[in-house]
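# Analysis of the macromolecular model
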Amino acid sequence: MTQVHKAYDQSRGIFRVRWTENGSRKSIAWSAVEHEAEDCRSHVEHLLDCKSNGRPVQKVTMDWLDKLSDREHIKLSRKQLIASRQEIEPSEQYSSGLVQESTLGQISKGFLAAHTTAKLSTIAKWKQAIGNMSRHFGEATDMTSVSKQQAKDFREWLLEHGNIRDTKGGSSSEDAAPRTKLDRNTVGRRIGICRQIFKWAIEEGMLESNPFDGLPVAVYANPERFHYVDSRTIKRVIEYANDPTMRAIIALNRLIGLRIPSEIGTLRWCDIDLSHDDPHIRILAPKTEHHRDRGRRTAPILPNLRPFLEDLWTLAEPGVAVPLDSPVFPRFQGTTGTAIRSALLRILDRAEHEVWPNLWTNGRKSCITDLLQDGHDVVDVAAWVGNSPKTIWNFYAMATGENRRRAAGVGQEVVTRTATQSGKNSPADPQDLWTSMWTHQQTSRLISEPQAEENSEKCWVESDSDAEKWAMQDSNLRPPACKAGALTN
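Since the model is a prediction, treat every value here as computed from it, not as a measurement.

### As for the side chain of Ser108
- In this fold, Ser108 is placed in helix α5 (residues 104-113).
- There is a polar contact of 2.8 Å between the side chain of Ser108 and the backbone oxygen of Leu104.

### Section: the pairing of strand β1 (residues 5-9)
- Looking at chain direction, β1 and strand β2 (residues 14-21) are connected through five bridges and run antiparallel. Within β2, the position partnered with Ala7 by the bridge is Arg16.
- The loop that links β1 with its antiparallel partner β2 comprises four residues; one of these, Gly13, has a positive phi angle of about 75°.

### Section: the packing of helix α16 (residues 378-385) against helix α17 (residues 389-396)
- Remark: α16 packs on α17, axes separated minimally by 9 Å, with the N-to-C direction vectors making an angle of 85°. Accordingly, the angle class assigned to the pair α16 and α17 is roughly perpendicular. Across the interface between the two elements, Val378, Val381, Ala382 and Val385 of α16 pack against Pro389, Ile392 and Trp393 of α17.
- When its residues are assigned to classes, the contact of α16 with α17 shows seven nonpolar, no polar and no charged.

### Some words on the packing of helix α11 (residues 244-256) against helix α13 (residues 306-316)
- Close contact between α11 and α13 brings their axes to 9 Å; oriented N to C, the two are set at 145°. With respect to the hand of their crossing, α11 and α13 are arranged in left-handed fashion. Packed against α11, whose contacting residues are Pro244, Thr245, Arg247, Ala248, Ala251 and Leu252, the element α13 presents Phe308, Leu309, Leu312 and Leu315 at the interface.
- Of the residues contributing to the contact of α11 with α13, the split by class is eight nonpolar, one polar and one charged.

### So, unusual backbone geometry
- Residue Pro261 is bonded to the preceding Ile260 through a cis peptide linkage, with omega at 10°.
- You can see Pro261 is positioned in the loop between α11 and α12 (262-265).
- Even without being a glycine, Gln80 presents a positive backbone phi close to 60°.
- Positionally, Gln80 belongs in the loop between α3 (70-78) and α4 (90-96).
- By relative accessible area, Gln80 is classed as exposed at 54%.
- Even without a glycine there, the phi angle at Glu317 is positive, about 55°.
- Along the chain, the position of Glu317 falls in the loop between α13 and α14 (337-350).

### Looking at the sheet that holds β2
- Within the open sheet, the three strands sit side by side as β1-β2-β3. Their pairing is antiparallel. In this open sheet, the two strands that pair with only one neighbour each are β1 and β3 (24-29). Ignoring strand direction, the axes of neighbouring strands in this sheet form an average angle of 30°.
- Here β2 runs beside β3; their pairing, made up of six bridges, is antiparallel. Each bridged residue has a counterpart across the sheet, and for Val17 the counterpart in β3 is Ile28.

Criteria and cut-off values
Residues numbered from 1 in each chain as written. Predicted model: local features only at pLDDT ≥ 70, side-chain atom pairs only at ≥ 80, totals over all residues. Heavy atoms only, no water. Helix = DSSP H or I, 4+ residues; strand = E, 2+ residues; numbered from the N terminus. Polar contact = N/O pair within 3.5 Å; in protein donor to acceptor, adjacent residues only side chain to side chain. Pairing = 2+ DSSP bridges. Axes fitted to C-alpha atoms, helices over the stretch in contact; angles between N-to-C directions. Parallel < 35°, antiparallel > 145°, perpendicular 65-115°, else oblique. Contact = heavy atoms within 4.5 Å. Nonpolar A, V, L, I, M, F, W, Y, C, P; charged D, E, K, R; others polar. Left-handed = near helix turned anticlockwise from the far one by under 90°. Buried < 20%, exposed > 50% of the residue type's maximum accessible area, 1.4 Å probe, protein only.

See below:
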């Protein structure tokens, strides 16, 4: 007798009934009520037993089948447990939605309706993938007829013509053609979403197979989009940011790796501890709040970050003028990423500095690169910025031109000249503090290596000569029998 099991799907809040038939694993999504899922499990087990042994179905199971809705009945018929309801006429099928369920339009609507609690940014990405499928296949297409080869053709079409945004907006140059290609990483993410939608449709009994299974969806780092934002650049940008709010946002992104704009929207004054014994900041990441740690992490308030937060604290007066649980950045509360990106673009325009790719992401990558170069353990850095060590090495750590020049022996001269030109800066000024901290860190790193070499060389010269002879001649001790054997031979 085939064993049928039920399991609770916590992500969707429903039960799944699972079994194995002819070496193939099958499952159907059922009710969120446990006793209804148990009824389904017992009846499915009976249907499988009748199917394998040729026995008639019991009346209690027949009565249960008669009470099922059309949607639930289709789930069982698609798994070939029962015959479909032949008494339903074609006109009734269309009116009840049984035929339309397998079209792309109905599958997309059902998927979005079943995931209304998802984040708006996630829903926007789903709609982009659905828009791509609608342009290529058409909303009225019966997706049961889509083959794996057609899915592969869709992926190739995405690579060449999937850029809907730039196609609609056109190009800034009249002579240049609008850009229609998508990056391979973007295509991989879109295919992953299509696979997710079709997997949901299979679980709901709308489809029997997923044509997107087996297509590559892996995402790789793209070094062409990496850009190290050095300290001089950030210093200049902050100088032209007359608003203390934007200064603090830029510093939080570049110095401790906050994700912009999502993580500044959740930051409260009570999350900032400016004490001198353990200065830290508690961060809630909406991107990772579904993880085991609920997206919460604690990061240190670095000495060169502290002045920017103190300026904001002095202006806002938390606990006096505003409650401690109020947002640190109320101006950007609930706004989109476009608004805060536009604010940074205006600062770059005033500073007459070119716009680097992935403005906030590369600021975060530059922060992680500096933290690793300053000698912090990758496990600590991962805990501070909210990534795994593997993700940091694969997607964030960058090789910088500054390190290349220092390895070539030109770094010492550059840092010494910078320290001389900067003069005596007052730590009270955040920009001067930034420069002095950076110069001190670079100089200390350059000096430490020659000192280590000198000390190791000194230890070797002062070592005992007898000990050296012993290490060279007698450290690899051999049994006397070997020596005796060698002498006799």
